[in-house]
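Chain and residue survey
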Amino acid sequence: EFPNDRLVARALDDKLGAYICLETMRRVKELKCSNGVYAATTVGEETTGRGAIFSTSEVTPTCTISLDVGSASDVLYNPNANKNIRLSGGPMLSISSHANQLLKQMLESVAKKHNIPLQYVVEISRTYTDFDNVYKQNGGIPSMLISIPLRYMHSSVEVCSMTDVEYIIQLLVEFIKEMNESTNFDPFKE
């Protein structure tokens, strides 16, 4: 643990995602939420996607949210880097043609209601996360990628903000609480 709510470790990619899933499920259970929630930690997200493909073939979810790390760009190790993603700035939402816009809008609404800051990252094609595969399953599952800002990805000194981790857990818990039988992410059935 470092000052300013920072955590430095190797392999935070993607132990953080697994931790966030488990902690979210623990809190949702404590609240006695009646929504069914599935979590999967998978293999092959950067290559074959086989874990995500298999896990979504076993259930038919209303939506999927993939969690992974994303590159924070708030330090000067690349003078040409865009400095718009920073630690403690909140979850990173994916802006892409594959992201379900109604799901994105609901996440934004929940974040606004609970004062959770958001950051945005534009994904042009592949994200090299489970998101690349889950949205294509079962005829198209409404999906979103939420990334955890991370410095020095794929090194032995990855750095994250535990504030961001907590923001993501809060966002997911409140999102799950707001879902009900009439929640619909199909843009053709609005």
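Parameters at a glance
- Residues numbered from 1 in each chain as written.
- Predicted model: local features only at pLDDT ≥ 70, side-chain atom pairs only at ≥ 80, totals over all residues.
- Heavy atoms only, no water.
- Helix = DSSP H or I, 4+ residues; strand = E, 2+ residues; numbered from the N terminus.
- Rg over C-alpha atoms; globule rule 2.2 N^0.38 Å.
- Buried < 20%, exposed > 50% of the residue type's maximum accessible area, 1.4 Å probe, protein only.
- Pairing = 2+ DSSP bridges.
- Axes fitted to C-alpha atoms, helices over the stretch in contact; angles between N-to-C directions.
- Contact = heavy atoms within 4.5 Å.
- Parallel < 35°, antiparallel > 145°, perpendicular 65-115°, else oblique.
- Left-handed = near helix turned anticlockwise from the far one by under 90°.
- Nonpolar A, V, L, I, M, F, W, Y, C, P; charged D, E, K, R; others polar.

**Here we look at the overall build of the protein chain**
- On a plain count of helices and strands, the protein chain comes out with five helices and six strands.
- Its helices and strands taken in sequence order, the protein chain reads β-α-α-β-β-α-β-α-β-β-α from the N to the C terminus.
- In summary, the protein chain has a C-alpha radius of gyration of 16 Å against a globular reference of 16 Å for 190 residues, a match within 12%.
- Across its three principal directions, the C-alpha atoms of the protein chain cover 45 × 35 × 25 Å.
- Counting only residues that meet the buried cut, the protein chain has 45% of its 190 residues in that class.

**Side note on the sheet that holds strand β4 (residues 119–122)**
- Strand order in the open sheet formed by four strands is β2-β5-β3-β4, and the pairing between neighbours is mixed. Edge strands, defined here as strands with exactly one partner in the open sheet, are β2 (64–71) and β4. If you compare each strand with its neighbour and ignore which way they point, the axes differ by 35° on average.
- The pairing of strand β3 (residues 92–95) with strand β5 (residues 143–150) spans two bridges and is antiparallel. Residue pairing across strands places Leu 93 opposite Ile 146, the latter belonging to β5.

**Things to note about the environment of Glu 178**
- Along the chain, Glu 178 falls in helix α5 (residues 162–178).
- A relative accessible area of 28% means that Glu 178 is categorised as partly exposed.
- Taking the C-alpha atoms as reference, Glu 178 lies 25 Å from Val 121; in sequence the two are 57 residues apart.
- Not counting chain neighbours up to four residues away, the residues in contact with Glu 178 comprise Met 106, Val 110, Lys 113 and Thr 183.

**Here's the deal with the packing of helix α3 (residues 101–113) against α5**
- The interhelical angle for the contact between α3 and α5, taken along N-to-C directions, is 115°, at an axis separation of 9 Å. Here α5 runs roughly perpendicular to α3, going by the angle between their axes. In this structure, the crossing between α3 and α5 has a hand that is right-handed. Contacts from Leu 103, Met 106, Leu 107, Val 110, Ala 111 and Lys 113 in α3 reach Leu 171, Glu 174, Phe 175 and Glu 178 in α5.
- Considered class by class, the residues forming the contact of α3 with α5 number seven nonpolar, no polar and three charged.

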